[in-house]
Amino acid sequence: MAENSPGFIDGKIVRGEDPLNLEMPFSKVDQFITPTEWFYVRTHFPIPKIEKRGWRLRVEGEVERPYELRYDDLLKMKSRTMVTTLECAGNNRNFLEPKVKGVQWGLGAVGTAEWSGVPLSILLDRAEVKSGACDVILEGMDGGELQEPKRPSGNVHFARSIPLAKAREDVLLAYQMNGAELPRQHGFPLRAIVPGWYAMASIKWLRRIMVTSKPFTGYFQTMDYAYWAKHGDLAELVPLTAMQIKAEIARPAAGDIVPANSNVRVHGAAWTSDAEITKVELATDGGSTWNEAKLIGEAKPNAWRLWEFDWETPAKPGKQTLIARATDSQGRTQPVERDSDRGTYMINHLLPIEVEVR
Ligand SMILES: Nc1nc2c(c(=O)[nH]1)N[C@H]1C(S)=C(S)[C@@H](COP(=O)(O)O)O[C@H]1N2
Ligand SMILES: [Mo]
């Protein structure tokens, strides 16, 4: 499909208009930082209209000194910049057989940006967190009525929690993306960036930070964005957290035609959580033989790593199946088969991409 056709908005694939869900065509990926205009957009409710002047961020709950911040207050605080990859927990859902409900993401509900803002730890310290606190709820300004049968009645805001230790470790409250003011669809004026976690935790349009003394069991970490962890016959609902290791092929893309008997550059990106990508392998024969790809560009914690492979295409024309597989410094790699307890999320099993040699 051409990028100016009706299925596209600003060069991104439309996966939903109300609420707005836009996917980056993954075949665009050939640089470490994803330009803001290509970055995927995931929303659950209408995008709130927020003005800097009237906006406040409330910090409360199990703290000695609850307070409110204005936008200007944030700009005066110590800032930090970091590069982080965000991936939607439902990325690759389009590849599941049989089909499951949810936004039908292909390869591109993922992107890497440079985020600047104030470490959450600074805001928490200022509030003086009480001993006994264990969880930090981040709440967005966006909300509405839910449709699913097990919904709570009335309005629900998009909210999720992070354990206090993680909240203090590396969570950033970002007001800039790629060196410019955070765009509206990405959470203006302020969003969280939770490195290494699926992006549902990176709450946009922040309005409240609430410290609690017991783990939060809100809608978006129990009824939604959770999976079944099995302990023998006992199944326990666990909120999604860390991104699972994955490699994706940017080019050639599924259905592409490549010349026979020539050198074709196969390239893409690979990522994991709290570890380094140490190896990306590529099979060009459907998975019988694996060749090591070259890791290129920068290696930064909780950011994807680009890779490439020089493929000597067969002399004989026909269909070829490409599969990429990543391994990280903790020895983790991707499963061959889909684990059905993961429901509609955490899709990181090996994905075959079929191309035609001609
Ligand atoms: N307030 C709020 N924050 C949110 C969401 C949302 O709908 N509302 N969606 C989450 C999900 S599921 C994802 S994948 C990321 C997407 O961030 P992006 O749109 O900047 O790519 O935002 C997260 N933060
Ligand atoms: Mo998501």
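Every residue gets a number counted from 1 within its own chain, in the order that chain's sequence is written. Here the convention is simple: chains get letters from A, ligands get numbers from 1, in the order in which they are written. Residues qualify for local features only when their pLDDT is at least 70, as the model is predicted, and side-chain atom pairs are given and counted only at 80 or more; totals for whole chains, interfaces and linings, by contrast, use all residues. The side-chain quantities take in all heavy atoms of the structure and omit both hydrogens and water.

### Digging into the layout of surface pockets
Okay, step 1: Of the two site types, the cavity is a set of points on a 1 Å grid over the protein atoms alone where a 1.4 Å probe fits but cannot get out, and the pocket is an open set with protein on both sides within 12 Å along at least five of seven lines, each lined by residues with an atom within 4 Å of a point. Grid points are joined across faces, edges and corners, and a volume is the space filled by probe spheres set on the points. There is about 930 Å³ of room inside the largest pocket.
Okay, step 2: Forming the boundary of the largest pocket are 34 residues, of which Lys-101, Glu-148, Tyr-219, Asp-224 and Tyr-345 lie nearest the centre.
Okay, step 3: The element that contributes the greatest number of residues to the lining of the largest pocket is strand S15 (residues 226–231), accounting for three residues.
Okay, step 4: Residues of the lining of the largest pocket, tallied by class, amount to 16 nonpolar, nine polar and nine charged.
Okay, step 5: For each domain, the first and last residues come from an automatic or database assignment. Here the lining of the largest pocket gathers at least three residues from each of two domains, domain 1 (8–238) and domain 2 (246–357).
Okay, step 6: Considered as a void within the structure, the second largest pocket measures approximately 510 Å³ in volume. A run of H or I in DSSP counts as a helix once it spans at least four residues, and a run of E counts as a strand once it spans at least two, with each numbered from the N terminus. Under the scheme applied, nonpolar residues are Ala, Val, Leu, Ile, Met, Phe, Trp, Tyr, Cys and Pro; charged residues are Asp, Glu, Lys and Arg; polar residues are all the others, including Gly.

### Some points on the site of ligand 1
Okay, step 1: Among the 19 residues in the neighbourhood of ligand 1, the closest are listed as Tyr-40, His-44, Asp-142, Arg-191 and Lys-204.
Okay, step 2: Each polar contact in these results corresponds to two N or O atoms within 3.5 Å; when the atoms are within protein, one needs to be able to donate a hydrogen and the other to accept it, and residues that are neighboring in sequence are counted only if both atoms are side-chain atoms. Separating an oxygen atom of ligand 1 from a side-chain N or O atom of Arg-191 is a distance of 2.7 Å.
Okay, step 3: Contacts to ligand 1 include Lys-204, whose side-chain N or O atom sits 2.5 Å from an oxygen atom.
Okay, step 4: Protein burial of ligand 1: of its 540 Å² of free accessible surface, 100% is covered by the chains. Residues are counted as near a molecule or strand when any one of their heavy atoms sits within 4 Å of it. Using a 1.4 Å probe, accessible areas were evaluated by the Shrake-Rupley method; residue-level cover was limited to the displayed protein chains.

### Observations concerning empty space enclosed by the protein
To find leftover empty space, one rolls a probe the size of a water molecule over the atoms.
Okay, step 1: All told, the structure shown has three cavities of 30 Å³ or more when counted by the stated rule.
Okay, step 2: A volume near 230 Å³ is recorded for the largest cavity.
Okay, step 3: Lining the largest cavity are 18 residues; nearest its centre among them are Arg-42, Arg-191, Ala-199, Ser-202 and Lys-204.
Okay, step 4: Of the residues belonging to the lining of the largest cavity, the class tally is ten nonpolar, four polar and four charged.
Okay, step 5: Approximately 90 Å³ is the volume found for the second largest cavity.
Okay, step 6: Taken together, Asn-92, Leu-107, Lys-246, Ala-247, Glu-248, Ile-249, Ala-324, Gln-334, His-349, Leu-350, Leu-351 and Ile-353 make up the lining of the second largest cavity.
Okay, step 7: Among the elements that take part in the lining of the second largest cavity, strand S17 (residues 246–251) stands out by supplying four residues, more than any other.
Okay, step 8: For the lining of the second largest cavity, a count of residues per class yields seven nonpolar, three polar and two charged.

### Quick word on the domain arrangement of the chain
Okay, step 1: Segmenting the chain into domains produces domain 1 (8–238) and domain 2 (246–357).
Okay, step 2: Inter-centroid distance (C-alpha atoms) of domain 1 to domain 2 is 28 Å.
Okay, step 3: The partner domain 2 presents 29 residues to the 35 residues of domain 1 that form the contact.
Okay, step 4: Asp-341 serves as the salt-bridge partner of Lys-230, at 3.0 Å between the closest nitrogen and oxygen.
Okay, step 5: Where domain 1 meets domain 2, there are 18 residue pairs in polar contact (both at pLDDT 80 or more).
Okay, step 6: Of all the secondary structure elements, the ones that give two or more residues to the side of domain 1 that touches domain 2 are strand S7 (80–87), strand S8 (110–119) and S15.
Okay, step 7: Its residues assigned to classes, the side of domain 1 that touches domain 2 shows 17 nonpolar, eleven polar and seven charged. Contacts between residues were defined by any pair of non-hydrogen atoms, one from each residue, lying within 4.5 Å. Here a salt bridge means any side-chain nitrogen of Lys or Arg lying within 4 Å of a carboxyl oxygen belonging to Asp or Glu.

### Topic: the side chain of Asn-91
Okay, step 1: Inspection of the secondary structure puts Asn-91 in the loop between S7 and S8.
Okay, step 2: Of note is the side chain of Asn-91, whose polar atom sits 3.0 Å from the side chain of Glu-87.
Okay, step 3: In this structure Asn-91 touches Trp-105, Gly-106, Leu-107, Gly-108, Ala-109, Val-110, Lys-246, Glu-248, Trp-271 and Ile-347, once residues within four positions along its chain are discounted.

### Some thoughts on helix H2 (residues 120–127)
Okay, step 1: Buried within H2 we find Leu-120, Ser-121, Leu-123, Leu-124 and Ala-127. The buried residues of H2 all sit within an arc of 160° when viewed along its axis, so they share a single face.
Okay, step 2: Backbone geometry just downstream of H2 places Glu-128 in the positive-phi region, at approximately 60°. Burial status follows relative accessibility: with a 1.4 Å probe on protein chains alone, a residue under 20% of its type maximum counts as buried, one over 50% as exposed, and anything between as partly exposed. Throughout, the arc means the angular range of directions from the helix axis out to the C-beta atoms.

### Quick notes on the pairing of strand S16 (residues 234–239)
Okay, step 1: Strand pairing requires that DSSP identify at least two bridges connecting the strands. Direction of pairing for S15 relative to S16: antiparallel, over a ladder of six bridges. Note that in S16 the partner of His-231 across the bridge is Leu-234.
Okay, step 2: Between S15 and S16, which pair antiparallel and follow one another directly, the connecting turn spans two residues, one of which, Gly-232, has a positive phi of 65°.

### Regarding the sheet that holds S17
Okay, step 1: Across the sheet, four strands lie side by side as S17-S19-S23-S22; this open sheet has antiparallel pairing. Edge positions in the sheet fall to S17 and strand S22 (294–296), since each of these pairs with one other strand and no more. Pairwise comparison of adjacent strand axes, ignoring direction, gives a mean angle of 35° for this sheet. Convention adopted: a line fitted to C-alpha atoms gives each axis, helices being fitted over their contacting stretch, and angles between N-to-C directions are expressed from 0 to 180 degrees.

### Re the nonpolar core
Okay, step 1: Put simply, a nonpolar core is a bunch of buried Ala, Val, Leu, Ile, Met, Phe, Trp, Tyr and Cys residues held in one set by side-chain atoms that sit within 4.5 Å of each other. Residues Phe-26, Leu-123, Ile-209, Trp-304 and Trp-307 are the most contacted members of the largest nonpolar core, which totals 84 residues.
Okay, step 2: Tallying contributions element by element places strand S19 (residues 263–271) first for this core, with five residues.
Okay, step 3: Of the domains in this structure, domain 1 (8–238) and domain 2 (246–357) are the two that each give at least three residues to this core.
Okay, step 4: In contact with Phe-26, other than residues within four places in its own chain, are Leu-107, Gly-108, Val-110, Glu-248, Ile-249, Ala-250, Ala-269, Trp-271 and Trp-304.

### Section: the pattern of salt bridges
A side chain with one charge can pair with a side chain of the opposite charge if their charged atoms come near.
Okay, step 1: What the rule picks out here adds up to 18 salt bridges.
Okay, step 2: Residue Lys-52 is joined to Glu-181 by a salt bridge in which the shortest nitrogen-to-oxygen separation is 2.7 Å. Of this pair, Lys-52 sits in the loop between strand S4 (41–42) and strand S5 (56–61) while Glu-181 sits in strand S12 (residues 180–181); the two residues are 129 residues apart in sequence, bridging distant segments of the chain.
Okay, step 3: For Lys-52, a relative accessible area of 33% puts it in the partly exposed group.
Okay, step 4: Judged by its relative accessible area of 43%, Glu-181 falls in the partly exposed class.
Okay, step 5: Between Arg-208 and Glu-139 there is a salt bridge whose closest N-O contact spans 3.0 Å. Within this pair, whereas Arg-208 is found in strand S14 (residues 206–212), its partner Glu-139 is found in strand S9 (residues 135–144), the two being separated by 69 residues in sequence.
Okay, step 6: Salt bridges here are not isolated pairs; linked through shared partners, they connect Arg-58, Glu-60, Glu-68, Glu-139, Arg-207 and Arg-208.

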